[in-house]
Amino acid sequence: MPSQNRTSTAALAVLIILQTVMLTALYAGVPPHPPVATPLFGIAPFLGASLGTTAAAIILGTGSSRAGAALSLLATAMALVSFGPQKYLDAQFGLIWPAVICGQIASLVVVVDVVSGLRSASLLAAKQGQP
C-alpha cells in the first residue's frame, strides 16, 4: 500500500472514530454530545451516512480510483459539519476542542493526499501522452 494511501486511510479512520464517539455520546446522553436534532436534519442519521461514506472511502482507497478520491472528499466535507471551523464559535468549544482540532487535522490530511494523488495521476498521464 503506498504511503499516500496509508496516510489517507489513517486520517479517514480518525474521522470514523471521532464520529462514532460523538454518536455514542448522543445515544448515551453524555455531555458534550451533539444535539438530538438540528434544524435541517437528524444528527444520528447524518453521522451514520458520514460513517458509511468514510468506510467506503477507506475500502476504495483515496489514491486507487476517482470514486475513492471523490468519496474521501465527500467524507471529509461531511465530517467538517461536526468538526469544521464554525465550531470555534460554538459555546461548548472549551469542551470539544480536542475533537474539533483532531477532526480538522485529519480532514486536511485527506484533502492534501487526494489533491496530491490527483496531481500525480495527471502528471503521469501527461508523460504517457494520455488526455
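Scroll up to find the structure.
Small disclaimer: the values here were computed from a predicted structure and weren't measured.

With that settled, the discussion passes to the nonpolar core. Within the largest apolar cluster, 14 residues are counted, with the highest numbers of intra-cluster contacts made by Leu 12, Leu 15, Phe 83 and Val 110. For this core, the secondary-structure elements that each account for two or more residues are helix H1 (3-28), helix H3 (66-83) and helix H4 (93-127). Considering every element that reaches this core, the biggest residue donor is H1, with five residues. Once you skip the residues sitting within four places of it in the chain, Leu 12 turns out to touch Thr 54, Ala 57, Ile 58, Thr 62, Ser 72, Ala 75 and Val 110. By size, the runner-up hydrophobic cluster in this structure holds six residues, among which are Leu 23, Leu 26, Ile 43 and Ala 44.

The next point concerns the pattern of salt bridges. Per the stated rule, a full pass over the model turns up one salt bridge. Lys 87 serves as the salt-bridge partner of Asp 90, at 3.9 Å between the closest nitrogen and oxygen. The partly exposed category is assigned to Asp 90, whose relative accessible area is 30%.

Here we come to unusual backbone geometry. Residue Pro 32 is bonded to the preceding Pro 31 through a cis peptide linkage, with omega at -10°. Tracing the backbone shows Pro 32 in the loop between H1 and helix H2 (43-60).

For Thr 20, the position within the fold is in helix H1. Of the residues examined, Thr 20 reaches a relative accessible area of 35% and is grouped as partly exposed.

This part covers H2. The end-to-end C-alpha distance of H2 is 26 Å, a good match for the 26 Å that 18 residues give at a rise of 1.5 Å each. Residues of H2 that are buried: Ile 43, Ala 44, Phe 46, Leu 47, Ser 50, Leu 51, Thr 53, Thr 54 and Ala 57. Gly 61, located one to two residues past H2, shows a positive phi value of around 80°.

Interhelical geometry of H2 versus H3 gives an angle of 150° and a closest axis separation of 8 Å. With respect to each other, H2 and H3 are oriented roughly antiparallel. Judged by the sense of rotation from one axis to the other, the crossing of H2 with H3 is left-handed. Contacts between H2 and H3 involve Phe 46, Leu 47, Ala 49, Ser 50, Thr 53, Thr 54, Ala 56, Ala 57 and Leu 60 on the former and, on the latter, Ala 67, Gly 68, Leu 71, Ser 72, Leu 74, Ala 75, Met 78, Ala 79, Val 81 and Ser 82. The residue makeup of the contact of H2 with H3, split by class, is 13 nonpolar, six polar and no charged.

Reading the values: the criteria
- Residues numbered from 1 in each chain as written.
- Predicted model: local features only at pLDDT ≥ 70, side-chain atom pairs only at ≥ 80, totals over all residues.
- Heavy atoms only, no water.
- Core = buried A, V, L, I, M, F, W, Y, C linked by side-chain atoms within 4.5 Å.
- Buried < 20%, exposed > 50% of the residue type's maximum accessible area, 1.4 Å probe, protein only.
- Helix = DSSP H or I, 4+ residues; strand = E, 2+ residues; numbered from the N terminus.
- Contact = heavy atoms within 4.5 Å.
- Salt bridge = Lys/Arg side-chain N within 4 Å of Asp/Glu carboxyl O.
- Expected span 1.5 Å × (residues − 1).
- Axes fitted to C-alpha atoms, helices over the stretch in contact; angles between N-to-C directions.
- Parallel < 35°, antiparallel > 145°, perpendicular 65-115°, else oblique.
- Left-handed = near helix turned anticlockwise from the far one by under 90°.
- Nonpolar A, V, L, I, M, F, W, Y, C, P; charged D, E, K, R; others polar.

Remember that the coordinates give geometry; whether it matters functionally is a separate question.
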